[in-house]
Amino acid sequence: MNNRLLSNLSVQQLVADFVELGVAQDDALSDRDSRRYNRLFDRMQLLVQELKQRPGDQRRALMSLYDHPNLQVRLKAAKANLAVAYGPSRKVMEEIAECHWAPQGLEAGMSIHHLDTGIYKPT
Amino acid sequence: MASLRSLSTATLLAKIAATRFLLSAARLELLLKANFNPNQPRVPRGSADGGQWTGGSGGGTPSSRATGPRGSSFRSPSIGGSHRIVDRGTHVHLGHDGPAIPKQQPSSIRQANRIGVETAKWMARAVMRGTPVGRLLDVVDLALWLRGHKADIMAFLDPPRSLDELRDRVQEPREGYEVHHPVEQAAARRDGFPEELIRSYQNETLVPRYRHWQVTGWFMSHNEDFGLRSPREILRGLSWEERLDMGLQAMIKMKILKP
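Position labels on residues start from 1 in each chain and follow its written sequence. Each chain takes a letter, starting from A, and each ligand takes a number, starting from 1, following the order in which they are written. Where local features are concerned, this predicted model is filtered to residues with pLDDT of at least 70; where side-chain atom pairs are given and counted, the filter is 80 or more; whole-chain, interface and lining totals use all residues. In computing side-chain properties, one takes all heavy atoms of the structure into account and sets aside hydrogens as well as water.

(A) Broad picture of the overall build of chain B. A helix here means a DSSP run of H or I that spans at least four residues, while a strand means a run of E at least two residues long, and both kinds are numbered starting from the N terminus. The helix and strand inventory of chain B stands at 11 helices and six strands. Looking at chain B residue by residue over its 259 residues, the buried ones come to 43%. Whether two residues touch is decided by their heavy atoms; if any such pair falls within 4.5 Å, the residues are in contact. For chain B, long-range pairs separated by at least 24 residues make up 53% of all intrachain contacts whose partners lie at least 6 apart in sequence. Counting only carbon and sulfur atoms, one obtains 56% of the accessible surface of chain B, whose full area is about 14100 Å². A simple rule labels every residue: compare its accessible area, found with a 1.4 Å probe on the protein chains alone, to the largest value its type can have, and call it buried under 20%, exposed over 50%, or partly exposed in between. For the area figures, the Shrake-Rupley method with a 1.4 Å probe applies, and any residue is considered shielded solely by the protein chains shown.

(B) Up close: the overall build of chain A. Of regular secondary structure, chain A possesses five helices and zero strands. The C-alpha radius of gyration of chain A comes to 14 Å, within 12% of the 14 Å expected for a compact globule of 123 residues. Pairs at least 24 residues apart make up 52% of the contacts formed inside chain A by residues separated by at least 6 positions. Of the roughly 5600 Å² that chain A leaves accessible, carbon and sulfur atoms contribute 51%. In chain A, 16 side chains carry a positive charge and 15 a negative one; their mean positions are 5 Å apart. For this measure, only C-alpha atoms enter the radius of gyration; the expected value for a globule follows 2.2 Å times N^0.38, where N is the number of residues. As used throughout, the charge tally considers Lys and Arg to be positive and Asp and Glu to be negative, leaving His and the chain termini uncounted. Every charge is mapped onto a representative atom, which is NZ of Lys, CZ of Arg, CG of Asp or CD of Glu.

(C) Region of the structure containing helix H4 (residues 86-97) of chain A. All names here are of chain A. Working rule for helices: expected span equals 1.5 Å times residues minus one. For H4, built from 12 residues, the straight-helix expectation of 16 Å at 1.5 Å per residue is met to within 8% by its first-to-last C-alpha distance of 16 Å. Those residues of H4 that sit buried are Ser89, Arg90, Val92, Met93, Ile96 and Ala97. Here the buried residues of H4 occupy an arc of 155° about the axis, which is enough to place them on one side. Of the surrounding elements, those touching the buried residues of H4 are helix H3 (71-80) and helix H5 (103-117). Working note: the arc is built from the helix axis to C-beta atom directions.

(D) Inspection of the environment of A:Asp57 at higher detail. Residue and element names in this part refer to chain A. Within the element layout of this structure, Asp57 appears in the loop between helix H2 (34-53) and H3. Measuring from C-alpha to C-alpha, the distance between Asp57 and Lys91 comes to 21 Å, with 34 residues separating the pair along the chain. Among residues more than four places away in sequence, those in contact with Asp57 are Leu51, Lys52 and Val84. Definition of a polar contact: a pair of N or O atoms within 3.5 Å, with one able to donate and the other able to accept a hydrogen when the atoms are protein atoms, and with sequence-neighbouring residues admitted only if both atoms are side-chain atoms. Of the polar contacts made by the side chain of Asp57, one reaches the side chain of Arg59; its length is 2.8 Å.

(E) Summary view of the nonpolar core. In terms of nonpolar packing, the biggest core is built from 60 residues, with A:Phe18, A:Leu62, A:Leu65, B:Ile101, B:Val139 and B:Leu146 touching the most fellow members. No other element matches helix H2 (residues 109-128) of chain B, which puts eight residues into this core. Residues in contact with B:Leu146, not counting those within four places in the same chain, are B:Ile101, B:Ile115, B:Gly116, B:Thr119, B:Val139, B:Val140 and B:Ile153. Nonpolar cores are built from buried Ala, Val, Leu, Ile, Met, Phe, Trp, Tyr and Cys residues. Side-chain atoms within 4.5 Å join them into one set.

(F) View of the interface of chain A and chain B. If you look at the interface, chain A gives 27 residues, while chain B gives 29 residues. Simply put, the buried area is the total loss of 1.4 Å probe accessible area from both parts when two parts are fitted together. Summed over both partners, the interface of chain A with chain B buries about 2800 Å², with 57% contributed by carbon and sulfur atoms. Considering only the surface of chain A that becomes buried against chain B, A:His100, A:Trp101 and A:Leu106 emerge as the three largest contributors, covering 28% of it. Any Lys or Arg side-chain nitrogen located within 4 Å of an Asp or Glu carboxyl oxygen qualifies as a salt bridge. Applying the counting criterion to the chain A and chain B interface returns six salt bridges. Where A:Lys79 meets B:Asp225, a salt bridge forms, and the shortest distance between an N and an O atom there is 2.8 Å.

(G) Molecular detail of the pairing of strand E3 (residues 91-94) of chain B. Residues and elements named next belong to chain B. Side-chain alternation along E3 places Val92 and Leu94 on a buried face and His91 and His93 on a face that remains uncovered. We treat two strands as partners when DSSP finds at least two bridges between them. Sheet analysis places strand E2 (residues 85-87) next to E3, joined by three bridges and oriented antiparallel. Each residue of the ladder has a partner; that of Asp87, found in E3, is Val92. Taking the residues that link successive antiparallel strands as the turn, the E2-E3 hairpin has three residues, and the phi of Gly89 there is positive, at about 85°. Here three bridges tie E3 to strand E4 (residues 100-102), and the two strands are oriented antiparallel to one another. Note on E4: the bridge partner recorded for His93 is Ala100.

(H) Seen up close, H2(B). Look at H2(B): 29 Å from first C-alpha to last across 20 residues, which is about the 28 Å you get at 1.5 Å a residue. Immediately beyond the C-terminal end of H2(B), within one or two residues, lies B:Gly130, with a positive phi of roughly 100°.

(I) Geometry of the packing of aromatic side chains. Residues and elements named next belong to chain B. Note on ring pairs: Phe, Tyr and Trp rings are taken, using the six-membered ring of Trp, and paired if centres are within 6.5 Å. Classes follow the plane angle, with under 30 degrees stacked, over 60 edge-to-face and the rest tilted. Inspection of the entire model under this criterion finds six aromatic pairs over all chains. Lying across the ring of Tyr177, Arg169 places its NZ or CZ 5.3 Å from the centre. For a ring to carry a charge above it, either NZ of a lysine or CZ of an arginine must fall within 6 Å of the ring centroid while also lying within 35 degrees of the normal to the ring plane. The ring of Tyr177 carries Arg174 above its face, with NZ or CZ at 6.0 Å from the centroid.

(J) Representation of the pattern of salt bridges within the structure. Tallying each qualifying case throughout the model produces 30 salt bridges over all chains. Across the salt bridge formed by A:Glu107 and A:Lys76, the nearest N and O atoms sit 2.7 Å from each other. Of this pair, A:Glu107 sits in helix H5 while A:Lys76 sits in helix H3, placing them 31 residues apart in sequence. By relative accessible area, which is 6% here, A:Glu107 ends up buried. For A:Lys76, a relative accessible area of 2% corresponds to the buried category. Ionic pairing is found between B:Arg169 and B:Asp158, a salt bridge with its closest N-O pair at 3.9 Å. Residue B:Arg169 is found in the loop between helix H6 (163-168) and strand E5 (177-180), and its partner B:Asp158 is found in the loop between helix H5 (150-156) and H6; the two are separated by 11 residues along the sequence. One exposure class covers both B:Arg169 and B:Asp158, and it is buried. One continuous salt-bridge network, built from bridges that share partners, spans A:Asp27, A:Asp31, A:Asp33, A:Arg36, B:Arg110 and B:Arg114.

Shown next as C-alpha cells:
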C-alpha cells in the first residue's frame, strides 16, 4: 500500500487496504511497538473517514471482514461500524472480548465497558 | 589378561563378535522391559508420521512417542488438531494457529519475547479447550532456549486473582511476574500526585509479566474510544480515582484481576 490519494480508490481497494493496515497493527502490537501501531492506527482512521463520506456511508463495506481470521482486522472493522450497525458490530466485539489472552480481547472488553458507561459514543 | 597385540586375528574376530552379541542382547532386554512389540504396525515411510506407531499396546502411549526422521509429532490423546506440537527439524510448530518456534535462539531480545508471548497465548487457548498444561510444556524441551521464558509463559496461564492477593504478592517477588501500578507512575508524577500515593500499597500489584505488557500497550495506543487519543493522554488532568478506576478495569478485562 503506498501513499495514494484515498479519494481515488474504490471501496474494494479501501477495504483491502484496511485489511493490510489491520494486519500490520497486529504485527506492531506483537512487537510492542506503540509508535508504529499509532501511525498505522491514524492511517486507518483516515481510511475509515473516507469510507464514511462516500455516498451512502460506505463503512458497511467493512462488515465483510467480520469473519476475517485476524482478530485486529475484525475488531477495527467492528468499531468502525458501531454507529451504522450497532447490534452486529457489538456482537463481534463481545466475541473478541472473550479472547483475554490477546491485546484485542483487552481493547474489545474496555470499549464495551466504555459504550455501556457512555464514555464512548461512536459517530 | 593378554594384550590385544598378542592375540591371533581369529581370536580377535571372535571376541568382537561376542561383544556385539552381548550388546544386542542388552538392547533387546531394554526393549522388552519397555514392552516393545516388533509386530506392532507402524506408519509407512514417506508419510508425515513415518516410523511412528499407529496403535496397539506397547511403548507407553503410542501416539505420544516422538519417532521418525521428519515431522516428528508429540501427539497425546488429549491434544488434537490445533494443539498438536510438531517438531520439523529447525522449528517446532504449535498447531495450525500457533507460532513456529525456531530451535535456534533468536538473535534479538524483541523477537525472543515475541515468540514467548505468542507461545503463552497459544497455550492459554489450548488450556481453555481442556488440554493439560503439562503436555503443552513439551514444547519447552524441543526449543531449549524457550526454557528461559518458561516462568513468563506459566505466569500468563494464571487465573485472575483478587486485588488484595495481587497487592500482597508484591512482597513476594517471583519469576514471570512484575510490579504493575494501576495508576501509571510517570503520568501521575507529571501531574503532581505525591510519591507516597504512587508507590503505596493501594497502587502496587504483582502481575504476570506478559499480561502486564499488554495492559501497558493498551494505555499507550491510540483508541477510537477517546477521540483517537490514547488512554494515557486522556487521563492527564483527571483525578486519582478516575485513573485508578480505568487501571483496575483494564486489569479485569485482561483477566489479571477478579471482577
